Amino acid sequence: MIDIVPEWMAGLEEEDLSFIKRFLLASGSLKEIAIQYEVTYPTVRLRLDKLIQKIKLTEQTEQDPYIAVIKRLAVNDKLEFDTAKILIEEYKKQRRVLG
């Protein structure tokens, strides 16, 4: 039994953990997961991609709170990824100019 939950897992919601469990029990078959959730394969693929992004975000120790908020908003579908990328790039440019 795990005494300490890894940080990447601690940031996940119960629904995310349930998806991961089903994914593992289905031996990583997205087709099987689509059947279980009664959705299309592309829907499951999108869900998996978002979960991967959420885990990657948790693993990145972002020092700048603004950038961390922008990334969190994108992962949680509150902001488009392309928009988030532009905001972060522009913010970094401004920091370099003012720097």
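Residues numbered from 1 in each chain as written. Predicted model: local features only at pLDDT ≥ 70, side-chain atom pairs only at ≥ 80, totals over all residues. Heavy atoms only, no water.

(A) The arrangement of helix 3 (residues 30-37) in detail. All of the buried residues in helix 3 are Leu 30, Ile 33 and Ala 34. Looking straight down helix 3, one finds its buried side chains confined to an arc of 105°; they lie on one side. Opposite the buried face of helix 3, by more than 90 degrees, sit the exposed residues Lys 31 and Ile 35. Of the residues flanking the end of helix 3, it is Glu 38, one or two places downstream, whose phi is positive at about 60°. (Buried < 20%, exposed > 50% of the residue type's maximum accessible area, 1.4 Å probe, protein only. Helix = DSSP H or I, 4+ residues; strand = E, 2+ residues; numbered from the N terminus. Arc of directions from axis to C-beta.)

(B) Broad picture of helix 5 (residues 65-75). Three or more residues of helix 5 are buried, namely Ile 67, Ala 68, Ile 70, Ala 74 and Val 75. Each buried residue of helix 5 lies within a common arc of 165° when the element is viewed along its axis, so the set occupies one face. Count one or two residues on from helix 5 and you reach Asp 77, which has phi positive near 60°.

(C) Main features of the environment of Glu 32. On the secondary structure map, Glu 32 appears in helix 3. Given a relative accessible area of 32%, Glu 32 falls into the partly exposed group.

(D) Fine view of the pattern of salt bridges. The tally for this structure, following the rule as stated, stands at seven salt bridges. In this structure, Arg 47 engages Glu 15 in a salt bridge whose closest nitrogen and oxygen atoms are separated by 3.7 Å. In this pair, Arg 47 sits in helix 4 (residues 41-59) while Glu 15 sits in helix 2 (residues 14-25), placing the two residues 32 residues apart along the sequence. On the accessibility criterion, Arg 47 (23% relative accessible area) is partly exposed. With a closest N to O distance of 2.9 Å, Asp 16 and Lys 54 form a salt bridge. Within this pair, whereas Asp 16 is found in helix 2, its partner Lys 54 is found in helix 4, the two being separated by 38 residues in sequence. There is no split in this pair, since Asp 16 and Lys 54 are both buried. Bridged by salt links that share partners, the residues Glu 13, Glu 15, Asp 16, Arg 47 and Lys 54 form one connected network. (Salt bridge = Lys/Arg side-chain N within 4 Å of Asp/Glu carboxyl O.)

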